[in-house]
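Structural description and commentary
So the chains spell out like this:
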Amino acid sequence: MNRLRWFLLGATSLCAVAVAVGGVYVLGGHGFSAREQPSGVERWIARSARSAALPADASARTNPVPDTAEVLAEARAHWADHCAACHSNNGSGDAEMGKHMFPPAPDMRQADTQSLSDGELFFIIQNGIRLTGMPSWGSGTNHDKQDSWKLVRFIRRLPKLTAEEEQGMEALNPKSPEELKEEQEEREFLNGSQPHEHTQHQHH
């Protein structure tokens, strides 16, 4: 009961601070823009919200997936295809989508992420974090849970990721239609075929 009381008190305090900060912005005619960097208060609120979102037993969960080269290779490919759009290949968050979120995607190589336990990282991947850009990726299947535990292994690898590993991930990143078309034209050229000519469309 005491734990619930402290949780409710903390949640109420967070809401009060958020309302106060919002009031200052609105009354000052500042508005709410995702273009700006979060203030110190906003960063504190985000960290507190993340802590409040994690259940007490999450930190005690251990990773059942072995830390092997095969597991890391699978997780690296999964990250490049599913996670890099926001977090970038090296986990820095310096991706077009991630850096324009509010709050921006964190640098997952730093202590704020690396200090979390494996169980906490797993919970975040599976359940997401409300009021941030981090979605829930859990579907409830054992295969999906295994993939999430493998990603935890890769997150631990991020601070020591090599240039060769990053370069290999670039080929696995999702491609835009323009990039796919350019690659197709390059292949046709190398094979001796004439690339398809671009048709100019008139816009009325």
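Overview of the structure. Just so it is clear, the structure is predicted and the values come from calculations on it, not from any experiment.

How each quantity is defined
Residues numbered from 1 in each chain as written. Predicted model: local features only at pLDDT ≥ 70, side-chain atom pairs only at ≥ 80, totals over all residues. Heavy atoms only, no water. Helix = DSSP H or I, 4+ residues; strand = E, 2+ residues; numbered from the N terminus. Buried < 20%, exposed > 50% of the residue type's maximum accessible area, 1.4 Å probe, protein only. Contact = heavy atoms within 4.5 Å. Areas by Shrake-Rupley, 256 points an atom, 1.4 Å probe, with all protein chains shown as cover. Axes fitted to C-alpha atoms, helices over the stretch in contact; angles between N-to-C directions. Parallel < 35°, antiparallel > 145°, perpendicular 65-115°, else oblique. Polar contact = N/O pair within 3.5 Å; in protein donor to acceptor, adjacent residues only side chain to side chain. Salt bridge = Lys/Arg side-chain N within 4 Å of Asp/Glu carboxyl O.

Counting its secondary structure elements, the chain contains nine helices and zero strands. Starting at the N terminus and walking to the C terminus, you meet the elements of the chain as α-α-α-α-α-α-α-α-α. Out of the 204 residues in the chain, the part that is buried amounts to 30%. The contacts of the chain with a sequence gap of at least 6 include a subset with a gap of at least 24, amounting to 60%. Looking at the chain as shown, the accessible area adds up to about 13900 Å², and 56% of this sits on carbon and sulfur atoms.

Okay, the packing of helix α3 (residues 69-82) against helix α7 (residues 142-157) next. In contact at an axis separation of 8 Å, α3 and α7 are set at 95 degrees when each is read in the N-to-C sense. Classified by the angle their axes make, α3 and α7 are roughly perpendicular. Facing Val71, Leu72, Glu74, Ala75, Arg76, His78 and Trp79 of α3, the residues of α7 in contact are Asp147, Lys150, Leu151, Arg153, Phe154, Ile155 and Arg157.

A separate point is the side chain of serine 148. For serine 148, the position within the fold is in helix α7. The class of serine 148 is buried, set by a relative accessible area of 3%. A distance of 2.7 Å separates a polar atom in the side chain of serine 148 from a polar atom in the side chain of glutamine 126.

As a further point, take the pattern of salt bridges. For the structure shown, the criterion picks out six salt bridges. The shortest N-O distance in the salt bridge between glutamate 74 and lysine 150 comes to 2.5 Å. Of this pair, glutamate 74 sits in helix α3 while lysine 150 sits in helix α7, placing them 76 residues apart in sequence. Of the residues examined, glutamate 74 reaches a relative accessible area of 35% and is grouped as partly exposed.

Bear in mind that shape data such as this cannot, by itself, settle questions of function.
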